[in-house]
Amino acid sequence: MGRLGKVVAAALVLVLVASFAAGCSSSKKDPIKIGIVAPLSGGAAMVGDTLVKGVALAIKQINAAGGIHGREVIYIAEDDEQIPAKSVSAVNKLVYNDKVDAVIGTVNSSATLANMEVTRKAGVPQITPISSNPKITKLGNEWIFRLQASDEHQARAIVDYAINELKLTKPAVIYQSDDYGTGGKDVIVERLKELNVNPVAVEAFAPDAQDMTGQLLKIKNAGADGLFMWTMYAQAALIAKQARQMGLNVQLMGGGGLTNPKLVELAGDAAYGLLNTQTFFPDKKGASPEAAAFIDAYEKEYGMLPDSNAAMSYDSMMILAKAMEAAGPSLDKKKVRDAIAATKDYRGVTGVITIDEYGDASREILIIRVKVGGGYEVVWPKR
Amino acid sequence: MFIQQVIQGLAIGSVYGLMALGYALMWQAWAVLDFARGEAAMIGAFSILIFHSFFKIPFVVAFPLAIASSALLGYVIQWLAYRPLIGGIPINRLIATLGMGILLRNLARVIYGADPYPFPTVFGDKPVSIGNVLVVPQNVWITAIGFTLVILLRVFLTRTYTGKAMRAAAQDRETAALMGIRVKQSMALTFVLATGLGAMAGLLVAPVYFVRADMGLSIGLRGFASAVLGGLDSVTGAMVGGLLLGVTENLAAGYISSGYQAAIAFSIMILILIFRPQGIMGRRL
């Protein structure tokens, strides 16, 4: 990771130098500065890396199209190692030393919750591409926006699909007994109630549990015809395997935490057919024209497929750019904020985005299915 | 459903029991609660993963190879962190085991990452139905191997000179030394044995619960609880404690509330210990 961090840092310096040189020669106007805060070293460095890549690609395309109000856009990236305290220092530097016009970041929800206080006090608009903790947009901070669908939206989407499309009548729920799992379970149970469906069993398991057969046997005995699980992919693989062993052969369903090639690697054929929510999926065939163009451009630029994080980050920068255009050449930060808040039906690469009253992107959510043999296909919305 | 729940409980309980054997052994020879026991399982699981999955060595060869290399690593670990503290107060050794556990866990995470690795099933994971009860072959194997090891260990500790020397060294180091027992060697041997047993547990669960850097934490803790429940000075007790904990956990999830699965299992354990502080099979302290 250390070496990767250095490579990323070196690349950033090069980009900065290059864009600075370009700025000097081509335009007398100061560039517009975007601050990026992301984990560029440590355990989440890979995620921070795709965040920067997504924003950088958007900026490259914006500049190629003439910049914003004729001004060039540059970015300054700071590493927060996904530590809240470091994240606060990083945003302090971006806001007060570099005097950035807006901030994009970060990954870890706890770090975002800490650093968004800095932008709020300074009155600088901030967009977090993927921090998913519902609290971020519920604290009354009007300077923070989020593009990732919160767990609330995702859980409702999978329930609606199961009941309305798959016509399940006796679903069961299994969840890991922490904030993430319990939060998801609550939304699922509530949504089922709204649709007049009673879950036949609602079972918990400890986040470090390895053996869920007790719960699964109970679910089987209750005669379930489908199973919602709110957990991450590793536990989901255990559940899928053990359900198969216990003869519980029902439709498995879950949230974005399940999307990972590891799921099939671990669970094998027990994971085939599993359905889960996702907001972006790098599949050119099933993609919208916007997404397909983005996947092409990203692959050409970096030689790899974008993940949902890169796509969210790309959309964050594009929405920011649009808001800056709308706010007028003064780039008054309050006006930029208002323009982001007014985003409606923006056709991004991660879907059609509307910012709601809390600063959350309410958006269409995809349902994807694990194909036989591995890989994913989009099953909803039908195209 | 009741019988099925009990069978599933016995399967996971055998794993707890295997882990508990290591705790009991370490308690008997080193007079220490060794909180790095779970990491022995992790080392065993990664060893078999490396030999069998990465280097493609056939399982029958990779299996003893993995046990041997884990035991060897166990020797190095005890030489580095445990042996220098033999003469010190027991709490120092306890802390050394905690530290070693944290070190090994994080070392594994740095080297192999936090994601789990799959491991192919060796004994078969397709259930066989007997009446209306489903039995998974690999679970039967885990239970059978667990019981075989308990019997072998008992024989070893009570019938062989080396085994008796181990126990003597734990009870009274100085007297044992006066009787001509090479205490440090004997203790090192127990450590190697305990690590080998832990590795065996890790190896057996790898196909069922995958291989991950932090796998030792949860099964290690359950193993510790099982050993205390069964009686730390009894290897049979360790196995019985494991099975009891496994079955209680599964019945708690099946019949009371899965949200309180661990809470119910551990409450029952505390209750038993109130009436039998030395554990189910332990001798009165």
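Computed from a predicted structure; not experimentally measured. (Residues numbered from 1 in each chain as written. Chains lettered and ligands numbered in written order. Predicted model: local features only at pLDDT ≥ 70, side-chain atom pairs only at ≥ 80, totals over all residues.)

**Q** What's the story with the overall build of chain A in this structure? I'm lost.
**A** For chain A, the count of helices and strands is 12 helices and 15 strands. Against the 2.2 N^0.38 benchmark of 21 Å for 383 residues, chain A shows a C-alpha radius of gyration of 22 Å, consistent with a compact globule. With the principal axes as the frame, chain A shows a C-alpha extent of 75 × 40 × 40 Å. Within chain A, the fraction of its 383 residues that count as buried is 55%. Within chain A, residue pairs in contact and separated by at least 24 positions form 68% of the contacts whose partners lie at least 6 positions apart. (Helix = DSSP H or I, 4+ residues; strand = E, 2+ residues; numbered from the N terminus. Rg over C-alpha atoms; globule rule 2.2 N^0.38 Å. Buried ≥ 20, exposed ≤ 12 C-beta atoms within 10 Å, placed from the backbone. Contact = placed C-beta atoms within 7 Å.)

**Q** Got a minute to help me understand the interface of chain A and chain B in this structure?
**A** You'll often see interface size given as the accessible area lost when the parts meet. Of the residues lining the interface, 22 residues belong to chain A; the matching set on chain B comes to 24 residues. Those elements giving two or more residues to the side of chain A that touches chain B turn out to be strand 7 (201-205), helix 7 (213-221), helix 8 (233-245) and helix 9 (261-267) of chain A. Considering every element that reaches the side of chain A that touches chain B, the biggest residue donor is helix 7 of chain A, with 6 residues. By residue class, the composition of the side of chain A that touches chain B is 8 nonpolar, 8 polar and 6 charged. (Nonpolar A, V, L, I, M, F, W, Y, C, P; charged D, E, K, R; others polar.)

**Q** Please clarify how the nonpolar core should be interpreted in this entry.
**A** Counting residues in each nonpolar core, the largest one holds 209 residues, and the members touching the most others are A:Ile34, A:Val55 and B:Leu21. The element that contributes the greatest number of residues to this core is helix 1 (residues 2-30) of chain B, accounting for 17 residues. Look past the residues within four positions of B:Leu21 in its chain and what remains in contact with it is B:Leu149, B:Val150, B:Leu153, B:Leu197, B:Val235, B:Ala238 and B:Met239. (Core = buried A, V, L, I, M, F, W, Y, C linked by C-beta atoms within 7 Å.)

**Q** Got a minute to help me understand the confidence of the model for chain B in this structure?
**A** Keep in mind that low pLDDT regions are not for reading the predicted coordinates in detail. When pLDDT is averaged along chain B, the result is 89; 99% of the residues meet or exceed 70. The least confident element of chain B is helix 6 (residues 161-171) of chain B, whose mean pLDDT is 86; the most confident is helix 2 (residues 37-54) of chain B, at 94. (pLDDT = per-residue confidence, 0-100.)

**Q** For this particular structure, what's the right way to read the packing of helix 2 of chain B against helix 9 (residues 215-230) of chain B?
**A** To describe two helices that pack against each other, one gives the angle between their axes and the distance between the axes. Residues and elements named next belong to chain B. It is at 7 Å that the axes of helix 2 and helix 9 come closest, and there the two elements cross at 135°. Relative to helix 9, helix 2 is oriented oblique. The two elements helix 2 and helix 9 cross, and the hand of that crossing is right-handed. Of the residues in helix 9, those touching helix 2 at Arg-37, Gly-38, Glu-39, Ala-41, Met-42 and Ala-45 are Met-215, Gly-216, Leu-217, Ile-219, Gly-220, Leu-221 and Gly-223. Partitioned by chemical class, the residues of the contact of helix 2 with helix 9 number 7 nonpolar, 4 polar and 2 charged. (Axes fitted to C-alpha atoms, helices over the stretch in contact; angles between N-to-C directions. Parallel < 35°, antiparallel > 145°, perpendicular 65-115°, else oblique. Left-handed = near helix turned anticlockwise from the far one by under 90°.)

**Q** Explain unusual backbone geometry here, please?
**A** What you tend to see is this: most non-glycine residues have negative phi, and most peptide bonds are trans. Between A:Gly105 and A:Thr106 the backbone carries a cis peptide bond, its omega angle lying at -5°. With respect to the secondary-structure elements, A:Thr106 resides in the loop between strand 3 (102-105) and helix 4 (109-122). Cis peptide bonds are those with omega within 30 degrees of zero, and the linkage from A:Trp380 to A:Pro381 qualifies with 0°. Its location among the elements puts A:Pro381 in the segment after strand 15 (376-380). Although it is not a glycine, A:Leu331 sits at a positive phi angle of roughly 55°. The residue A:Leu331 is located in the loop between helix 11 (308-327) and helix 12 (333-341) in this model. On the basis of neighbour counts, which here come to 17 C-beta atoms within 10 Å, the residue A:Leu331 falls in the partly exposed class. Despite not being glycine, B:Ala31 shows a phi value in the positive range, around 50°. Examined against the element boundaries, B:Ala31 turns out to sit in the loop between helix 1 and helix 2.

**Q** Honestly, the sheet that holds strand 7 of chain A in this entry has me stumped. Any pointers?
**A** The strands that make up a sheet pair up through hydrogen bonds in the backbone, lying either parallel or antiparallel. Residue and element names in this part refer to chain A. The strand order 7-6-8-9-10-14-15 describes an open sheet built from 7 strands, whose pairing is mixed. The strands lining the two open edges of the sheet, one partner per strand, are strand 7 and strand 15. Taking the axes of each pair of neighbouring strands and ignoring which way they run, one obtains an average angle of 25° across the sheet. Pairing of strand 10 (residues 275-278) with strand 14 (residues 366-370) involves 4 bridges; the strand directions are antiparallel. (Pairing = 2+ DSSP bridges.)

**Q** It is not clear to me how the sheet that holds strand 13 (residues 361-363) of chain A should be interpreted in this structure. Could you clarify?
**A** Residue and element names in this part refer to chain A. Ordered in space as 11-12-13, the 3 strands form an open sheet in which the pairing is antiparallel. Strands with a single pairing partner mark the edges of an open sheet, and in this sheet they are strand 11 (346-348) and strand 13. Across the sheet, the axes of successive neighbouring strands diverge by a mean angle of 40°, strand direction being ignored. With 3 bridges joining them, strand 12 (residues 351-355) and strand 13 adopt antiparallel strand pairing. Pairing of Ile-355 across the sheet is with Ala-361, part of strand 13.

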